[in-house]
Amino acid sequence: MAKKKKMKNVKHVPLSWYNESSKVQFPAGMAFWNTETGIYNIKLDIFSRMKIRLIPTGSEDDQIHYKVQIQKRGKDRQLKYLSIGEGVSSKDTKKLIFMKLAPFENTLILGRIV
């Protein structure tokens, strides 16, 4: 029997949808942060089979910018990543990452607003 591989360098972070006009949060899924690469793998409840990742792209002043990508196979069966949104975190967001994903109106937040 094969042993299950432990994920030492992965931290679990909850995701939530946030409606800015009503200030209401809804559970959205879970993100898995690889502490070695800095990349988050995202599992949204509504798209549980879709492979989504959040990648830091740079920083400016006190903000960190991210791109949100989905994994897709091309006609040649090669893996490709398509950008579907962007995210930002800063001191003002209290280390939460706010993401805008096409075509959704609500904001996806990595973490929970207390």
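Here is a short report on the structure shown in this document.

Calculation notes
Residues numbered from 1 in each chain as written. Predicted model: local features only at pLDDT ≥ 70, side-chain atom pairs only at ≥ 80, totals over all residues. Heavy atoms only, no water. Core = buried A, V, L, I, M, F, W, Y, C linked by side-chain atoms within 4.5 Å. Buried < 20%, exposed > 50% of the residue type's maximum accessible area, 1.4 Å probe, protein only. Helix = DSSP H or I, 4+ residues; strand = E, 2+ residues; numbered from the N terminus. Contact = heavy atoms within 4.5 Å. Phe/Tyr/Trp six-rings, centres within 6.5 Å; stacked < 30°, edge-to-face > 60°. Lys NZ or Arg CZ within 6 Å of the ring centre and 35° of its normal. Salt bridge = Lys/Arg side-chain N within 4 Å of Asp/Glu carboxyl O.

### Quick look at the nonpolar core
In a soluble, globular protein the nonpolar side chains are often hidden away together inside.
Next up, step 1: Counting residues in hydrophobic clusters, the biggest one holds 18 residues, and the most contacted among them are L15, I42, L44, L54, M99, L108 and L110.
Next up, step 2: Listed by contribution, the elements that provide at least two residues to this core are β1 (10-19), β2 (24-34), β3 (40-44), β4 (47-60), β5 (63-73), β7 (97-101) and β8 (107-110).
Next up, step 3: Beyond its immediate chain neighbours, meaning those up to four positions away, L54 contacts G38, I39, Y40, I42, Y66, K67, V68, I97, M99 and L110.

### Brief notes about the packing of aromatic side chains
Next up, step 1: As enumerated under the stated definition, the model contains three aromatic pairs in all.
Next up, step 2: Ring geometry for W17 against F104: centres 5.0 Å apart, planes inclined by 50 degrees, an arrangement best described as tilted. You can see W17 sitting in strand β1 and its partner F104 sitting in the loop between β7 and β8, a full 87 residues away along the chain.
Next up, step 3: The class of W17 is buried, set by a relative accessible area of 11%.
Next up, step 4: Ring centres of W33 and Y40 lie 5.9 Å apart, and the angle between their planes is 25 degrees; on these two criteria the pair is classed as stacked.
Next up, step 5: Geometry around Y81 places R53 over its ring, the cationic atom sitting 3.4 Å from the centre.

### Some points on unusual backbone geometry
Next up, step 1: The residue after A102, namely P103, is reached through a cis peptide bond having omega 0 degrees.
Next up, step 2: Relative to the helices and strands, P103 is located in the loop between β7 and β8.
Next up, step 3: At R77, a residue that is not glycine, the phi angle is positive and equals roughly 70 degrees.
Next up, step 4: On the secondary structure map, R77 appears in the loop between β5 and β6 (79-89).
Next up, step 5: Relative accessible area serves as the criterion here: at 57%, R77 is assigned to the exposed category.
Next up, step 6: One non-glycine residue, K94, adopts positive backbone phi at about 55 degrees.
Next up, step 7: Turning to its location among the elements, K94 is positioned in the loop between β6 and β7.
Next up, step 8: Residue classification places K94 among the exposed positions, given a relative accessible area of 69%.

### A few points about the pattern of salt bridges
Next up, step 1: Scanning the model with the defined rule gives one salt bridge in all.
Next up, step 2: For the salt bridge of E20 with K100, the shortest nitrogen-to-oxygen distance reads 3.9 Å. Taken as a pair, E20 in the loop between β1 and β2 and K100 in strand β7 lie far apart in primary sequence, 80 residues in all.
Next up, step 3: By relative accessible area, which is 46% here, E20 ends up partly exposed.
Next up, step 4: On the basis of relative accessibility, which here comes to 39%, the residue K100 falls in the partly exposed class.

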